[in-house]
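# Descriptive analysis of the structure
Each chain, written out:
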Amino acid sequence: MTLPSSRPDLSLREGYHSPQVDVAVRLNTNESPFPPPEAWVQALAAEATRIRYNRYPDRSATRLREALAELHRVRPEQVFCANGSNEVLQSICLAYGGPGRSAAVFEPTYALHSHIAHLTSTAVVEGRRREDFELDLADVAELNAASRPDITFLCSPNNPTGNSVDPTTAGAVLEGAAGLVVVDEAYGQFADWSAISLVDDDVPLVVTRTFSKTWSMAALRLGYLVGPAPVVAALERVALPYHLDALKQAAGCLAVRYNDEMQERVAAVVAERRRLSSALESLGVTVWPSSANFILFRPETRKAGEVWQGLVDAGVLVRDTSSWPGLSGCLRVTIGTRVEDDLFTAALEEVL
Ligand code: PMP
């Protein structure tokens, strides 16, 4: 017997994976270095005993959407939740992309935007960022005029470069966009400005967020989007029935109650980011300014691959981004705890 072949276009694409090497210091996937508040863990354990496991969960995640709506001062109908923000992005491509439609990305940026577009048979229109990784609005306008993308992905702060979109740029992109503008704010809490302030029912803008970073809940897979109510309604049409399990909904509701503790974590990471940036600069590597919980850097004396391997050998895992468009020689390090970051800089100094 022979097995059927899968879609031929899938074999062209490599999955998006950061190697999960078993090392002591993992600074490769931009998770929070801190566990969630202990009180949250206890409260979730108590919630878990109250769930009626024989019943399907609330299909519309009503309480969770209400809690998030209150947090962002929008209406619950303007919030869509899914299993991680990657699934939110996939829902966007399913509802607004697909065969005969296109999505614009500006490289270098988060690889999953184009990856998910491809998976959903959405054509990818690729723009480039300037040398300093900012968007060139003239290039954006040109791309819009030539391709009229149905979806425009922005990432703010941009993974892996760390810079964020300012209100003027976001406004200009929105003004010129032919379709839906998606601002991926997976790292939004670490930046000074959020595009959520521009969301309205008659504005073709959605902003995606995640519980994986600031909220220290990467293991639970919860993400959401804030956008116009009619867009949320369209996304609900492509979501599978009961896609958000009851425990996750409870965890998200509880997490919102611990917003102050989450903000303390953000402040700690931002302070540590300053310290790590200076430490990297003093090692003589090129460092880009970051508004996120990671830093892009380029060792000038050794190849990125060698530096990556040298760090792994020393028990530290970072992300080798040197094969990404426009990032030759570059690596990305997640902000860890003080101790982890000191181990990283000591190992890097040794490797260099
Ligand atoms: N967007 C960006 C820019 C990211 O870097 C990530 C995580 N790597 C995600 C979305 C996905 O996050 P999650 O699915 O864990 O919510």
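Scroll up to find the structure this text is about.
In this report, we go over the structure that sits alongside the text.

Cut-offs applied
Residues numbered from 1 in each chain as written. Predicted model: local features only at pLDDT ≥ 70, side-chain atom pairs only at ≥ 80, totals over all residues. Heavy atoms only, no water. Salt bridge = Lys/Arg side-chain N within 4 Å of Asp/Glu carboxyl O. Buried < 20%, exposed > 50% of the residue type's maximum accessible area, 1.4 Å probe, protein only. Helix = DSSP H or I, 4+ residues; strand = E, 2+ residues; numbered from the N terminus. Near = heavy atom within 4 Å. Polar contact = N/O pair within 3.5 Å; in protein donor to acceptor, adjacent residues only side chain to side chain. Nonpolar A, V, L, I, M, F, W, Y, C, P; charged D, E, K, R; others polar. Contact = heavy atoms within 4.5 Å.

## Re the pattern of salt bridges
The tally for this structure, following the rule as stated, stands at 12 salt bridges. Arginine 7 is paired through a salt bridge with aspartate 9; the nearest N and O atoms lie 2.9 Å apart. On the accessibility criterion, arginine 7 (35% relative accessible area) is partly exposed. Aspartate 9 sits in the partly exposed class, given a relative accessible area of 32%. A salt bridge links glutamate 47 to arginine 50; the nearest nitrogen and oxygen atoms lie 3.4 Å apart. On the criterion of helical spacing, the pair formed by glutamate 47 and arginine 50 is a turn pair, its members being 3 residues apart in helix H1 (residues 38–50). What emerges from the salt-bridge pattern is a single network uniting Arg75, Glu77 and Asp201.

## Section: the site of the ligand
Contacts to the ligand come from 13 residues, most closely from Ser85, Asp184, Tyr187, Thr210 and Ser212. In the environment of the ligand, a nitrogen atom lies 2.7 Å from a nitrogen or oxygen atom belonging to the side chain of aspartate 184. Between arginine 221 and the ligand, the recorded distance is 2.7 Å, taken from a side-chain N or O atom to an oxygen atom. When the residues that make up the shell around the ligand are grouped by side-chain class, the tally is 4 nonpolar, 6 polar and 3 charged.

## Let's talk about the environment of proline 99
With respect to the secondary-structure elements, proline 99 resides in the loop between helix H3 (85–96) and strand S3 (102–107). When the C-alpha atoms of proline 99 and histidine 118 are compared, they prove to be 9.9 Å apart, with 19 residues separating the residues in sequence. With residues near it in sequence (within four places) discarded, proline 99 still touches Thr120 and Ser121.

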